[in-house]
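Now for the letters of each chain:
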Amino acid sequence: MPQKWKRALARLSIQILIVGVCYYETVYMLSLYVTSAGLGAEAFTGTLPSVSTIAGAVAALLFGVLYKRLRDSVYLPFVLVLGVAILVMSFFPNRIAVPACMVVIGFSWQIFYCYFYIRSAFVAPTSKQGMAVGVV
């Protein structure tokens, strides 16, 4: 039983790795995506990560309220919405959908990330909480 928290932390780490790859690949490949889809120039490309970051900041401010209402299921709808936004960007590249999707992606990622920082502290024993948060 004493190792149960390590397995829970490993599952959390795998989840954040998978969702993180989806998020960071989207942001990392954004300039290539905009150029190959013919959506705009450098100004448009540079604005998209900023929009995502601002949405993430708003999400971080709202996380406490959302967590209070949804508790441990707070991340589920946002992971689904993040996936849908990435699919919309894949199938419908246009100058309206992409910024809207980047707002959704930034907001959803921040909710997901905040949740997993909190969750990692709950699964570990008190003496190992700092290590658990550091792993995630």
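Preceding this paragraph is the structure being described.
Calculation notes
Residues numbered from 1 in each chain as written. Predicted model: local features only at pLDDT ≥ 70, side-chain atom pairs only at ≥ 80, totals over all residues. Heavy atoms only, no water. Axes fitted to C-alpha atoms, helices over the stretch in contact; angles between N-to-C directions. Helix = DSSP H or I, 4+ residues; strand = E, 2+ residues; numbered from the N terminus. Parallel < 35°, antiparallel > 145°, perpendicular 65-115°, else oblique. Left-handed = near helix turned anticlockwise from the far one by under 90°. Contact = heavy atoms within 4.5 Å. Nonpolar A, V, L, I, M, F, W, Y, C, P; charged D, E, K, R; others polar. Buried < 20%, exposed > 50% of the residue type's maximum accessible area, 1.4 Å probe, protein only. Arc of directions from axis to C-beta. Polar contact = N/O pair within 3.5 Å; in protein donor to acceptor, adjacent residues only side chain to side chain. Expected span 1.5 Å × (residues − 1). Bend = angle between axes of the 7 residues up to and from the residue.

**Q** Is there a simple way to think about the packing of helix 2 (residues 30–37) against helix 3 (residues 42–70) in this case?
**A** The description of two helices packed together rests on the angle between their axes and the distance between the axes. Running from N to C, helix 2 and helix 3 cross one another at 140°; their axes reach a closest spacing of 9 Å. Taken together, the axes of helix 2 and helix 3 are oblique relative to one another. Considering the relative orientation of helix 2 and helix 3, their crossing is right-handed. On helix 3, the residues touching Leu30, Ser31 and Val34 of helix 2 are Phe44, Thr45, Leu48 and Pro49. Looking at the contact of helix 2 with helix 3, its residues break down into 5 nonpolar, 2 polar and no charged.

**Q** Quick question: what am I supposed to make of helix 2 here?
**A** Residues three or four positions apart in an α-helix share a direction because the helix packs 3.6 residues into each turn. Burial in helix 2 covers these residues: Leu30, Tyr33 and Val34. Viewed along the axis of helix 2, the buried residues span an arc of 95°, placing them on a single side of the element. Turned more than 90 degrees from where helix 2 packs its buried face, Leu32, Thr35 and Ser36 sit exposed. The inward-facing, buried residues of helix 2 contact helix 1 (4–28), helix 3, helix 4 (75–91) and helix 5 (97–123). In the stretch just after helix 2, Gly38 is the one whose phi turns positive, near 65°.

**Q** In this structure, what is going on with the side chain of Ser120? I would like to understand it.
**A** By the secondary structure assignment, Ser120 is in helix 5. One polar contact links the side chain of Ser120 to the main-chain carbonyl oxygen of Tyr117, over a distance of 2.9 Å. Filtering out sequence-adjacent residues up to four positions away, Ser120 remains in contact with Leu9, Leu12, Ala132, Val133 and Val136.

**Q** I tried to follow helix 3 on my own but got confused; where do I start?
**A** Taking 1.5 Å of rise per residue, the 29 residues of helix 3 would be expected to cover 42 Å, and the 39 Å separating its terminal C-alpha atoms lies within 8% of that figure. Maximal helix bending in helix 3 amounts to about 50°, located at Leu62. Three or more residues of helix 3 are buried, namely Phe44, Thr45, Leu48, Ser52, Ala55, Gly56, Ala59, Phe63 and Tyr67. Residues of helix 3 that are buried make contact with helix 1, helix 2 and helix 5.

**Q** Mind showing me how you'd approach the environment of Gln129 here?
**A** With respect to the helices and strands, Gln129 occurs in helix 6 (residues 129–135). Owing to a relative accessible area of 29%, Gln129 belongs among the partly exposed residues under this scheme. Separated by 11 residues in sequence, Gln129 and Ile118 have C-alpha atoms that sit 10.0 Å apart. Setting aside residues no more than four positions away along its own chain, Gln129 makes contact with Ala121 and Ala124.

**Q** What should I look at first to understand unusual backbone geometry in this one?
**A** Where the residue is not glycine, phi is negative for most of them; where a peptide bond is considered, it is trans in most cases. Its identity as a non-glycine residue notwithstanding, Arg71 has a phi of 55°, on the positive side. Mapped onto the elements of the fold, Arg71 is located in the loop between helix 3 and helix 4.

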